[in-house]
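Chain by chain, the residues run as shown.
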Amino acid sequence: MKKLLTGNSAVSYGVMLSRAEVISAYPITPQTTIVEELSEMCADGRLPAKFIRVESEHSALACVTAACAAGARVFTATSSHGLAYMHEMLHWASGSRLPVVMVNANRAIGSPWNIWCDHSDSLSQRDTGWIQLYCQSAQEALDTVIQAYKVAEEVLLPVMILEDGFFLSHTSDTVDIPEPKEVDAFLPPYKPRYKLDPNDPHTFNIMADPSVFIDFKHEAQMAMEKAKKAITRVDREFKARFGRGYGWAGKVHLPDAEVVLLTMGTTASTALEVIKALCQQGKKVGLCRLRMFRPFPAEELCQVLSGAKKIAVLDRDNSLGAGGIVAQEVKAALFNLPRRPKVFEFIAGLGGRDITPEDIQEILEYTIKNPSPNGQPLWVGIQK
Amino acid sequence: MKKKKQGKKKLPLPLPKKSVFPPFSLSLEGTLGSKTGSWRYLTPAYINKLAPCNEACPAGEDVEAVMALAGQEEYLAAWEKTTQENPLPRICGRVCFHPCEGACNRREFDEATAINALERFLGDYAYQSGKQFSPPKEKRKGKVAIIGSGPAGLSCAYHLASLGYQVTIFEGQPKLGGVLRYGIPSYRLPKDILDQEIENILSLGVEVRTDTRLGKEVTWKALKPYSAIFIATGAWKSVPLQIPGEEAGRVMSGLEFLQKVNSGETIKLGQRVAIIGGGNTAMDAARSALRLGAKPLVIYRRTKEEMPAWEEEVAEAEEEAIEFIFLISPVKIITESGKVKGIECLKNLLGPPGKDGRPQPQPIEGSNFILQVDTVISAIGEVPDFSFLPEEMQKSAGSLIVNETGTTSMPKVFAGGDVVAQPRTVSYAIGSGKKAAIAIEATLQGKDAAEALRQARWGEKGSISMDRYKQGGLDGPAEEVVKFSELNTAYFQPKKRKPREKLPAAERTSGFAEVNLGISRETALEEAKRCFNCGVCNLCHNCFLFCPDMAISARPDQQGYAINLDYCKGCCICVEECPRGAISVEVGK
């Protein structure tokens, strides 16, 4: 069934179709309408889940983590400061190896106060042990929720799904809503190997002393490696059943490109149009949209990008004192290649500033024109 | 990097092989082996405490328990709880000046709980449900004579009869009730309600001898066969004005006037009636005169602030457009051929406080003026009449002398109500009747009456509980009264109390219809639920929910909670989160 849905609404449908059993969240723009709609679904019986109201995001994630430990399929959603407030619990959820699924509607972190999109909120949580998947469309957001449960429950790691605040969360698009029967066949009920059970009492997350702590972390790292394969496989299975797939990187438009633009989220849609136009002018440019940021697909990127001469990384974030976070990771991934492309770094669109086709064209033309980067990321559209 | 093998040997438990390593750290057993109780240096304990309303109730009602039962819609049980202490809830629910509400902790939150209105509701509800007192389970040896059938006498008769004693009430008037019948006008207390509550007490087998005045129809000697005597003859002698003209016709005392009105006698008042005094009798007289068609004028020698009448009564009189003049003292009643013509008055200034701490009126010389009036009613105070009591019984100027147990200077002769020195209110009289009943019972059983009363007290304000007496008293800590600061008001929602409905002033003055109206069942429930239940566990479950060690569990008998001290580590979050201060902290246990 096709419906006109915003990104947030599409997420709610994804959660309903995945038959989440416990939902807890605290409202924050631009996420709020996700849980608003879910609470309506819970209230009118479309989704027979327990909806727990809480006083903070820290409690929201604590609630769903505990419910997940008790064996429930759980969901929460947040944005920006809410995600920052969850920071401690993010580690606990992943350290407990619980398949929690969360949607974060990307929003800048204050100060200054800002409610609009950039990726600094989720990228500052990149080391918390969560899988991170960045979506480009409402359809992808819905589909990714369903895929995320399957991956998370297989590898026992939590998944954070990212959608650009307002650009995706509040923009309507045609979305094909899968049949519940089909989703059920794709995603069977969650059967945990370990769960809190009063009849067989155990303490979860007891102290692990120096003789074993590192082993648990190593196990989690192995699980992340496993997750790369699982994400790709589950996406393939999803495509076989539903006709849509996204891979580890979304549509990669690389017809023997010499200059490749690499970015995440909705910017990729704008970029694709620019690149198509430039290709028609005979320019050898391509696009790589990174969908999976954690685990980071370093080997896969090397394969895809090794043929290019220059990479332009467009970060909608910045690590103060270092530069774009995606660019750093891309550079690190390519470092050991015998013939590595040059990486040009661009920072744009922070706090919801539009990244226009003209911006992208400028970025690409700069990259084509200059033989090598000048050592500093370039900030697009800074007022002079 | 792989783990070095020697690291394993140091562990207390053998590590599972890597192949069965759980993905996260997991204990082999539950937490029961970890007895966190050994960390404890503070110990919480469930100790119910005294609600301030209980301590403040002169009739010794367990107000908190009554409110709790009413809050569960157990209205008949709530009535039973009330009447364990006070047999006259319908009366008190109408005329008591409710010191309980004055002590209510909720006053510091929003407004006091409407305890008085709820008491009236419970009394009326139980009456409509045909509820009656249960007869005593056993008869006890002992005959008690009660002189006077006002609230003190009725209360004493009720409690003694309930304990199984044979009780005879001697009443000088043709009907029982004393001040309730002959003092309080029926717009405050309808006679049918009084009759019904008296009837209820009499159904316990109380013998009654009306029209029987002590010293006349029955002699002191004739009371000799009784095992104990309770004197509750009230204060019926009016204090004279001691001004010229007082002996004229149409000059009468407030009590005399009220007694006539309440007996249904026709009284000729004329147009203008001056009422001298600022107490409750003055208010009752003025408002009754108004209802008889006269135009009353209250003359008081101090200002409104100093009036001893209850604020509510003054307010109601004002609503009824009764005129007041303040800082005025009568000096002479002007008569013509033995009839009142007017009253000569003097203006006062308010001087410094006298011995009683109240500002003294100081007459302004030469400020004399004359008011034209047809009747003068003096209501400047009442004192007990001792004329019918044995001379050897010790008395002071205005009261019979009694000791802490209410015993007069004569053995086995007790006294209470307005005849002794105590605030002259219905609820104090009821309390003193109960106190006498306990003292009499203890004395007749050969027990120490003072000790029995000590055990039966609610707090420090003289409130006495029959229930506690029957239980033989409770331990020390329960004497502690819960303060507002000890409550956790985060758990209570602000909610205004509903104002008590009254008959519109215009509809009141044409007759003696009841002024204050009752509350509905819905309002009663709302009010009962507004009660904080100070100091008493009402199974709200907060402690259970908050205990981080799950050391608190509901007792199987549903009578509260138990703390498993093996696991309670003494954080005392339960104490903090108890909304009503029913958990205490003990150091070191």
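Residues numbered from 1 in each chain as written. Chains lettered and ligands numbered in written order. Predicted model: local features only at pLDDT ≥ 70, side-chain atom pairs only at ≥ 80, totals over all residues.

In terms of regular secondary structure, chain B is built from 20 helices and 22 strands. Taken over the C-alpha atoms alone, chain B extends approximately 125 × 55 × 45 Å along its principal axes. Out of the 589 residues belonging to chain B, those deemed buried represent 46%. Residue pairs in contact within chain B that sit at least 24 positions apart in sequence constitute 72% of those at least 6 positions apart. (Helix = DSSP H or I, 4+ residues; strand = E, 2+ residues; numbered from the N terminus. Buried ≥ 20, exposed ≤ 12 C-beta atoms within 10 Å, placed from the backbone. Contact = placed C-beta atoms within 7 Å.)

All names here are of chain B. Strand order in the open sheet formed by five strands is S4-S3-S2-S5-S17, with parallel pairing between adjacent strands. Whereas interior strands pair on both sides, the edge strands pair on one side only; in this sheet they are strand S4 (207–209) and strand S17 (413–415). Going from strand to strand, the sheet's axes swing by 20° on average, the running direction of each strand aside. One ladder, built from four bridges, connects strand S2 (residues 143–147) with strand S5 (residues 228–231); its direction is parallel. In the strand pairing of S5, Ile147 is matched with Ile231. (Pairing = 2+ DSSP bridges. Axes fitted to C-alpha atoms, helices over the stretch in contact; angles between N-to-C directions.)

Let us look at helix H10 (residues 267–280) of chain A. Residues and elements named next belong to chain A. Here H10 is 14 residues long and its end C-alpha atoms lie 20 Å apart, about the 20 Å a rise of 1.5 Å per residue gives. Those residues of H10 not exposed but buried are Thr267, Ala268, Ala271, Val274, Ile275 and Leu278. The buried residues of H10 occupy one face: seen down the axis, they fall within an arc of 120°. Seen from the buried face of H10, the exposed residues on the opposite side, beyond 90 degrees, are Glu273, Lys276 and Gln280. Those residues of H10 hidden inside the fold are in contact with strand S9 (259–263), strand S10 (285–289), strand S12 (310–315) and helix H13 (357–369). Where H10 ends, the next residue or the one after it, Gly282, has phi of about 90°, a positive value. (Expected span 1.5 Å × (residues − 1). Arc of directions from axis to C-beta.)

Let us now look at the interface of chain B and chain A. For an interface, size is often stated in terms of accessible area lost upon the parts coming together. Taken together, the contact pairs 14 residues of chain B with 16 residues of chain A. Across the side of chain B that touches chain A, the residue classes break down as six nonpolar, five polar and three charged. (Nonpolar A, V, L, I, M, F, W, Y, C, P; charged D, E, K, R; others polar.)

For the rest of this paragraph, the subject is the pairing of strand S15 (residues 375–378) of chain B. Look at any regular strand and the pattern is simple: side chains alternate between the two faces of the sheet. Residue and element names in this part refer to chain B. Across the two faces of S15 the burial is the same, with Thr375 and Ile377 and Val376 and Ser378 all buried. Looking at chain direction, strand S7 (residues 251–253) and S15 are connected through three bridges and run parallel. By the bridge assignment for S15, Met252 is matched with Ile377. Sheet analysis places strand S8 (residues 272–276) next to S15, joined by four bridges and oriented parallel. Note on S15: the bridge partner recorded for Ile276 is Ser378.

So, about the packing of helix H7 (residues 138–155) of chain A against helix H9 (residues 213–242) of chain A. Residues and elements named next belong to chain A. Running from N to C, H7 and H9 cross one another at 140°; their axes reach a closest spacing of 9 Å. Between H7 and H9, the interaxial angle falls into the category oblique. Of the two elements, H7 crosses H9, and the hand of that crossing is right-handed. Contacts from Asp143, Gln147, Lys150, Val151, Glu154 and Val155 in H7 reach Ala223, Lys226, Ala227, Ala230, Ile231, Val234, Asp235 and Phe238 in H9. Grouping the amino acids of the contact of H7 with H9 by side-chain chemistry returns eight nonpolar, one polar and five charged. (Parallel < 35°, antiparallel > 145°, perpendicular 65-115°, else oblique. Left-handed = near helix turned anticlockwise from the far one by under 90°.)

Formed by 156 residues in total, the largest nonpolar core has its most connected members in Ile146, Ala157, Phe230 and Ile275 of chain B. Top element by residues in this core is helix H14 (residues 426–444) of chain B. It accounts for eleven residues. When near neighbours in sequence (up to four residues on either side) are disregarded, Ile275 of chain B contacts Ala282, Ala285, Ala286, Pro296, Leu297, Val298, Ile299, Ile377 and Ala379 of chain B. Judged by nonpolar contacts, the second largest core, of 121 residues, contains Ile28, Cys135, Leu314 and Ile363 of chain A. (Core = buried A, V, L, I, M, F, W, Y, C linked by C-beta atoms within 7 Å.)

Residues and elements named next belong to chain A. When the domains of chain A are assigned, the result is domain 1 (2–242) and domain 2 (259–379). Each of domain 1 and domain 2 has a C-alpha centre, and the two are 28 Å apart. On the side of domain 2, 20 residues touch domain 1, which itself brings 25 residues to the contact. If you tally residues by element for the side of domain 1 that touches domain 2, the top one is H9, at five residues. When grouped by side-chain class, the residues that make up the side of domain 1 that touches domain 2 number 14 nonpolar, six polar and five charged. (Domains from an automatic or database assignment.)

All names here are of chain A. Turning to its location among the elements, Leu278 is positioned in helix H10. Judged by local crowding, Leu278 falls into the buried class, with 20 C-beta atoms found within 10 Å. Considering only alpha carbons, one finds Leu278 and Gly95, 183 residues apart in sequence, at a separation of 46 Å. In this structure Leu278 touches Lys283, Val285 and Leu364, once residues within four positions along its chain are discounted.

Residues and elements named next belong to chain B. Across the sheet, five strands lie side by side as S7-S15-S8-S9-S10; this open sheet has parallel pairing. Lying at the two open borders of the sheet, with one neighbouring strand each, are S7 and strand S10 (323–325). When strand polarity is set aside, the average angle formed by the axes of neighbouring strands in this sheet is 25°. Taken strand by strand, helix H11 (residues 254–263) contacts S7 and S15, and its axis lies near 85° from that of S7. Where helix H12 (residues 280–291) meets the sheet, it contacts S8, strand S9 (295–299) and S15, and its direction lies at approximately 165° from that of S9.

With that out of the way, let us pick up unusual backbone geometry. Between Ser111 of chain A and the following residue, Pro112 of chain A, the backbone shows a cis peptide bond with an omega angle of 0°. Mapped onto the elements of the fold, Pro112 of chain A is located in the loop between strand S5 (101–106) and helix H6 (120–123). Cis rather than trans, the peptide bond between Arg294 of chain A and Pro295 of chain A has omega equal to -5°. Note on placement: Pro295 of chain A falls in the loop between strand S11 (292–294) and helix H11 (298–305). The backbone of Ala321 of chain B sits at a positive phi, close to 65°, despite the residue not being glycine. One can find Ala321 of chain B in the loop between helix H13 (311–319) and S10.

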